[in-house]
Every structure is written in C-alpha cells, then in structure tokens.
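One-letter residues, chain by chain:
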Amino acid sequence: MTTSASPDAIPEPPKGPSHVAIIMDGNGRWAQQRNRPRLFGHQAGARRVREIVEACPDIGVKYLTIFAFSTENWKRTQIEVAGLMTLFKRYITKEMQAFVKERVRVRFIGDRMRLDPKLQALMDETEKLTAENDRVHLTIALNYGSRDEVARATKRLAREVSAGKIEPETVDETTLARFLDTHVLPDPDLVIRTSGEARISNFLLWQSAYAEYEFVDTLWPDFTRDHLAEVVGRYGLRERRFGAVPA
Ligand code: FPP
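Just so we're clear, the structure is a prediction, and the values are computed from it rather than from any experiment.

## A short note on empty space enclosed by the protein
Then, number 1: Applying the stated criterion to the full structure yields one cavity of 30 Å³ or more.
Then, number 2: For the largest cavity, the calculated volume is near 80 Å³.
Then, number 3: Of all the secondary structure elements, the ones that give two or more residues to the lining of the largest cavity are α2 (38–58) and α3 (78–101).
Then, number 4: For the lining of the largest cavity, the per-class residue count stands at seven nonpolar, no polar and five charged.

This is the structure we're talking about:
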C-alpha cells in the first residue's frame with residue numbers, strides 16, 4: 001500500500017530565496033536608446049537601487065547583493081570610471097540616512113584599497129552607522145571580482161599558515177570561506193542578471209555554486225519591484241537538489 005498525504009493537508013507555500021544577488025547590467029544601452037551619455041544610464045540605474053532594496057522585505061528577501069563596479073570595470077574610459085566613482089560618493093552620501101531610517105544594514109565587498117580614500121571613508125561610515133540594522137542586508141560589490149577575492153583570501157590564509165596558526169592539513173572549504181569578503185553572509189540562492197546577457201562576469205563564483213540563475217531581458221534602469229517579485233516567484237517553483245536526487 002502506498003502512503004499519500006492527507007487530502008486535508010495544506011500544501012506548503014513555495015519557499016522564496018533568502019539571498020538574491022543581482023548583476024545590474026544594461027545602463028549603457030538604456031542611455032544609448034535615449035541618445036544620452038552612458039553616465040545618464042548609470043544615474044538612472046542608481047535611482048532604481050532604492051526601489052529594489054525597499055521591495056525586499058515585502059517579498060521575503062533578507063539579503064540583497066548588488067554588483068556596482070567590477071575589478072574589470074577600470075578598463076572603461078577614464079570619463080566613465082571617474083563619473084561612476086563620483087556617482088558612488090554622491091549615492092552613499094545621499095542614501096546613508098535613508099538606510100539608517102529604513103533599518104537597512106549595508107556592507108561592501110571587494111578590494112577597497114584602490115578606491116578614492118574619500119569613498120572608502122564613506123563606505124566605512126555607512127557600515128558603522130547601519131551595523132545594528134537587520135531588516136534587509138544590502139551588500140554592495142565595489143571593485144569586486146571573484147578571482148581577486150579568492151586570491152586575496154588565499155594570501156591571508158597563507159599568512160596564517162606560515163605564522164603557524166593554521167595547519168595546512170586542516171584547510172577545507174569552510175576554512176577558505178572564512179577568508180572571503182562574504183564570510184558573514186549566507187550563499188546566494190538566486191543570481192539575477194538583467195539586460196539579456198547570459199554571463200556571470202566574475203561575480204560570486206564561489207558563493208553561487210548551488211544558486212539558481214535568472215537572465216532577464218529588462219535593462220537595469222527599467223527593472224522594477226514587479227520584475228523582482230516575478231523572478232522571485234519563479235524561483236519558488238524550482239526544485240533545488242544541491243547535487244542530491246529527488247526524495
Ligand atoms: C553595467 O551596465 C553597470 C555597471 C558597470 C555599473 C552599475 C552601477 C549602477 C547600477 C549604478 C550605481 C549603483 C549604486 C549602488 C549606486 P553597463 O554599463 O555595462 O551597460 P551596457 O552593457 O548596456 O553598456
């Protein structure tokens with residue numbers, strides 16, 4: 001005789017992703033479609049961030065990680081890089097109090113050392129000011145690249161080994177993860193890339209080993225809370241196996 005669930009049993013609602021990571025792509029094309037400079041698109045993209053952060057608690061997303069500037073983005077024109085750096089400074093200065101008020105905890109990942117000291121100071125201040133918040137955890141990847149992150153983590157780990165604090169034989173995945181920029185965060189459940197490109201571009205390679213991916217055609221400045229809710233809803237219908245077979 002086969003056993004089946006009682007007909008009265010209430011089915012569990014689909015479980016949404018707790019940690020969503022987004023590659024915010026398409027600002028340049030959005031500006032181009034309007035015959036405007038690329039920075040115009042980045043400014044529109046920055047305005048969109050607020051709406052998406054605010055949508056997170058309503059749709060059950062606790063952690064949001066966004067890719068703002070990659071270790072490869074330095075190869076863009078000097079005008080675009082300088083414009084983006086100014087935009088980050090203005091954005092953080094303008095949004096800092098809103099993050100405090102909305103109880104958003106802000107963290108930054110990536111190599112800060114190459115960034116303007118004024119920007120670094122703003123990043124430090126925002127992290128300190130929001131350290132007690134717990135409504136949404138927003139992580140902004142700034143001068144971030146996964147390979148660079150793993151290389152920096154390995155360097156720190158090697159220092160601990162050579163100082164005799166860690167036995168090489170004990171090094172495993174958990175040990176290395178402790179040295180990553182993301183060491184306090186859970187792994188992302190869902191990684192979204194906007195603008196129709198289907199690439200990962202050196203974003204959270206280690207952390208997204210078991211993440212689901214969604215590539216959506218919408219350009220980032222047009223990506224609304226409704227788009228986010230739709231993608232998150234689709235995630236709930238997927239079956240995640242983490243390498244196992246279905247029960
Ligand atoms: C990719 O679009 C986007 C970036 C390299 C920058 C992302 C920055 C923002 C969304 C704005 C600021 C963010 C914060 C947190 C203030 P692209 O320029 O590669 O677009 P394209 O592929 O259409 O050229």
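There is more to say after this.
## Some words on the packing of α2 against α3
Then, number 1: Between α2 and α3, the least distance of the axes is 10 Å, while the angle of their chain directions is 25 degrees. The pairing of α2 with α3 is recorded here as roughly parallel in orientation. For the pair α2 and α3, the sense of crossing is right-handed. Within the contact between the two elements, α2 uses Arg38, Leu39, His42, Gln43, Ala46, Val49 and Arg50 and α3 uses Ile79, Glu80, Gly83, Leu84, Leu87, Tyr91, Glu95 and Ala98.

## Describing the site of the ligand
Then, number 1: Inspection of the region around the ligand gives 16 residues, with Asp25, Gly28, Arg29, Arg38 and Arg76 positioned closest.
Then, number 2: Measuring from an oxygen atom of the ligand, one finds a backbone N or O atom of Gly26 at 3.3 Å.
Then, number 3: Out of a free accessible area of 620 Å², the ligand has 92% covered by protein chains.
Then, number 4: Taking a 2 Å distance to the grid points as the criterion, the majority of the atoms of the ligand fall inside the largest pocket.
Then, number 5: Elements that contribute at least two residues to the shell around the ligand include exactly α1 (27–33), α2, β2 (63–70) and α3.

## Structural notes on the layout of surface pockets
Over the atoms rolls a probe the size of a water molecule, and its path tells where empty space is left.
Then, number 1: Approximately 740 Å³ is the volume attributed to the largest pocket.
Then, number 2: Broken down by secondary-structure element, the contributors of at least two residues to the lining of the largest pocket are α1, α2, β2, α3 and β4 (136–144).
Then, number 3: Looking at the lining of the largest pocket residue by residue, the classes come out as 17 nonpolar, nine polar and seven charged.

## Let's talk about the packing of aromatic side chains
Then, number 1: Under the defined criterion, the tally for this structure stands at nine aromatic pairs.
Then, number 2: Seen in terms of ring centroids, Phe67 and Tyr144 are 5.9 Å apart; in terms of plane orientation they differ by 80 degrees. Their pairing is edge-to-face. Separated by 77 residues along the polypeptide, Phe67 in strand β2 and Tyr144 in strand β4 bring together distant segments of the chain. Here Phe67 matches Tyr144 in class, with each residue buried.

## Describing the nonpolar core
Then, number 1: Of all hydrophobic cores here, the largest spans 43 residues; its most connected members are Val20, Ile22, Leu64, Ile192 and Leu228.
Then, number 2: No other element matches α3, which puts nine residues into this core.
Then, number 3: Not counting chain neighbours up to four residues away, the residues in contact with Ile192 comprise Val20, Ala21, Ile22, Ile23, Glu214, Val216, Phe223, Leu228 and Val231.
Then, number 4: By size, the runner-up hydrophobic cluster in this structure holds 10 residues, among which are Ile109, Ala141, Val191 and Ala211.

## Observations concerning unusual backbone geometry
In most cases, non-glycine residues show a negative phi, while peptide bonds are predominantly trans.
Then, number 1: Backbone geometry places Asn35, a non-glycine residue, at a positive phi of 55 degrees.
Then, number 2: Here Asn35 is to be found in the loop between α1 and α2.
Then, number 3: We note that Asn202 has phi near 65 degrees; this positive angle belongs to a residue other than glycine.
Then, number 4: Residue class for Asn202 comes out buried when judged on its relative accessible area of 14%.

## Observations regarding the pairing of β4
Then, number 1: Most of β4 sits inside the fold, with nine of its nine residues counted as buried.
Then, number 2: Relative to β4, strand β3 (residues 104–109) runs parallel, the two being bridged by six bridges. Looking at β4, one finds that Phe108 is bridged to Ile140.

## Comments concerning the sheet that holds strand β5 (residues 190–193)
Then, number 1: Taken together, the six strands give an open sheet; going across it, the order is β3-β4-β2-β1-β5-β6, and neighbouring strands pair in parallel fashion. The sheet is open, and its two edges are formed by β3 and β6 (212–215), each paired on a single side. For this sheet, the mean angle separating the axes of adjacent strands, direction not counted, is 20 degrees.
Then, number 2: As defined by bridge partners, strand β1 (residues 19–23) adjoins β5 across four bridges and the pair is classed as parallel. Bridge pairing in β5 links Val20 to Leu190.
Then, number 3: Packed on one face of the sheet, helix α4 (residues 117–129) meets β3 and β4 and runs near 145 degrees to β3.

Reading guide: rules and limits
Residues numbered from 1 in each chain as written. Predicted model: local features only at pLDDT ≥ 70, side-chain atom pairs only at ≥ 80, totals over all residues. Heavy atoms only, no water. 1 Å grid on protein atoms, 1.4 Å probe; cavity = no way out; pocket = protein on both sides within 12 Å on 5 of 7 lines; lining within 4 Å. Points joined across faces, edges and corners; volume = space filled by probe spheres on them. Helix = DSSP H or I, 4+ residues; strand = E, 2+ residues; numbered from the N terminus. Nonpolar A, V, L, I, M, F, W, Y, C, P; charged D, E, K, R; others polar. Axes fitted to C-alpha atoms, helices over the stretch in contact; angles between N-to-C directions. Parallel < 35°, antiparallel > 145°, perpendicular 65-115°, else oblique. Left-handed = near helix turned anticlockwise from the far one by under 90°. Contact = heavy atoms within 4.5 Å. Near = heavy atom within 4 Å. Polar contact = N/O pair within 3.5 Å; in protein donor to acceptor, adjacent residues only side chain to side chain. Areas by Shrake-Rupley, 256 points an atom, 1.4 Å probe, with all protein chains shown as cover. Sits in = over half its atoms within 2 Å of the grid points. Phe/Tyr/Trp six-rings, centres within 6.5 Å; stacked < 30°, edge-to-face > 60°. Buried < 20%, exposed > 50% of the residue type's maximum accessible area, 1.4 Å probe, protein only. Core = buried A, V, L, I, M, F, W, Y, C linked by side-chain atoms within 4.5 Å. Pairing = 2+ DSSP bridges.

Coordinates in, geometry out; function isn't part of it.
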